[in-house]
Amino acid sequence: MVARERRVKVRTKVTAYVVDDEPIARAGLHAMLAAYDWVEVVGEAADGESAAAGIDALRPELVFLDVQMPGLLGTEVLPRLEHRPYVVFTTAYSEHAVSAFELGAVDYLLKPFGPARLATAMERVRSALGDPAAADAFERLSGALAEGPLGRLFVRIGGALIPLAIERVSRFEADGDYLVAHAGSARHLLHLSLTQLETRLDPRRFMRVHRAHIVNLDYVRAFRPDERGNLVAELVDGARVPVSRARAQEIRGLGR
């Protein structure tokens, strides 16, 4: 405890970087951060590409990172960073909370937010800065972004975020800007692309059978041709998922 208190006392101002494509939002956050004499904003960016370059150049300790931006999403900026900041996500879309918490963010601010909500986030930031157990927040981000099997997803049920074991998902289906995770009779919307998710799934269990579909092989009863001769995946819950021609050739080749 003594060592922790000493570290907090000798710490200079925490450098921060603001990323948002809306000038009014950036100005508003600047104004609210001025109330914290232990924070110094050293830069800002209005798009993902500029943000990645600016963060690596200025090396701030804390980044307020908008999620929905032109060019790159905030979640796509993180893998490009060589510097390791703490991250507070900001966005007007509540569905991004799933990705933010999965990425291990210090906090997640839903726009529009005011001084009271920001104060809660800043307390979490101070706690992270002074806690040896959370000395490297980027390690959690890197672990979540790294290639390798994903063990769980966070899904929104009512007002709560609930962890969902990945093995419980029978299939994923692209639906416009969203991804639908089918688990039993439940359908969960995720703000991810099928390609982003595919890189994190265990290929021994999950197979992308179509540009819009990934199936959990543990839930596939059989691959069968339909009445038109096209291959479909029949799942144990009765769902029939189309298989692309290229993937169908690969699957048929497995039985030879």
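Residues numbered from 1 in each chain as written. Predicted model: local features only at pLDDT ≥ 70, side-chain atom pairs only at ≥ 80, totals over all residues. Heavy atoms only, no water.

## Some words on the sheet that holds strand β4 (residues 86-91)
Phase 1: Sheet architecture is open: five strands sit in the order β2-β1-β3-β4-β5, paired in parallel fashion. The outermost strands of the open sheet, each flanked by one partner alone, are β2 (39-45) and β5 (107-110). Neighbour-to-neighbour, the strand axes of the sheet open up by a mean angle of 20°, direction not taken into account.
Phase 2: Taken together, the five bridges between strand β3 (residues 62-66) and β4 define a ladder with parallel strand orientation. Bridge pairing links Phe64 to Val88 in β4. (Pairing = 2+ DSSP bridges. Helix = DSSP H or I, 4+ residues; strand = E, 2+ residues; numbered from the N terminus. Axes fitted to C-alpha atoms, helices over the stretch in contact; angles between N-to-C directions.)

## Some thoughts on the pattern of salt bridges
Note on pairing: side chains with opposite charge can pair once their charged atoms come close.
Phase 1: In this structure the tally under the stated criterion is eleven salt bridges.
Phase 2: A salt bridge links Arg171 to Glu173, with the shortest nitrogen-to-oxygen separation between them at 3.5 Å.
Phase 3: For Arg171, a relative accessible area of 14% puts it in the buried group.
Phase 4: Judged by relative accessible area, Glu173 falls into the partly exposed class, the value being 23%.
Phase 5: Among the charged side chains, a salt-bridge network with shared partners connects Asp20, Asp66 and Lys111. (Salt bridge = Lys/Arg side-chain N within 4 Å of Asp/Glu carboxyl O. Buried < 20%, exposed > 50% of the residue type's maximum accessible area, 1.4 Å probe, protein only.)

## Focus on the sheet that holds strand β10 (residues 186-190)
Phase 1: Sheet architecture is open: five strands sit in the order β10-β9-β8-β12-β11, paired in antiparallel fashion. One side of each edge strand has no neighbouring strand; the edge strands of this open sheet are β10 and β11 (206-210). Each strand axis lies, on average, 25° off the axis of its neighbour in the sheet, ignoring direction.
Phase 2: Here five bridges tie strand β9 (residues 178-183) to β10, and the two strands are oriented antiparallel to one another. Bridged to Leu179 within β10 is Leu190.

## Considerations on the packing of aromatic side chains
Phase 1: Per the stated rule, a full pass over the model turns up two aromatic pairs.
Phase 2: Here the aromatic rings of Tyr36 and Trp38 are separated by 6.0 Å at their centres, their planes lie at 80°, and the arrangement is edge-to-face.
Phase 3: Residue Tyr36 is classed as buried on the basis of its relative accessible area, which comes to 16%.
Phase 4: Aromatic pair Phe172 and Phe206: ring centres 5.9 Å apart, planes at 45°, arrangement tilted. Of the two residues, Phe172 is situated in strand β8 (residues 171-175) and Phe206 in strand β11; the sequence distance between them amounts to 34 residues. Both residues of the pair, Phe172 and Phe206, belong to the buried class.
Phase 5: If you follow Arg126 out to its NZ or CZ, it ends over the ring of Trp38, 4.8 Å from the centre. (Phe/Tyr/Trp six-rings, centres within 6.5 Å; stacked < 30°, edge-to-face > 60°. Lys NZ or Arg CZ within 6 Å of the ring centre and 35° of its normal.)

## With respect to unusual backbone geometry
Phase 1: The omega torsion of the bond from Lys111 to Pro112 falls at -5°, within 30 degrees of zero and hence cis.
Phase 2: Assignment of secondary structure puts Pro112 in the loop between β5 and α6 (115-130).
Phase 3: A positive phi angle, close to 55°, is found at Arg59, a residue other than glycine.

## Topic: the environment of Asp37
Phase 1: Within the secondary structure layout, Asp37 lies in the loop between α2 (23-33) and β2.
Phase 2: The exposure class assigned to Asp37 is exposed, which follows from its relative accessible area of 61%.
Phase 3: A sequence separation of 24 residues divides Asp37 from Lys13, and the C-alpha atoms of the two residues are 7.7 Å apart.

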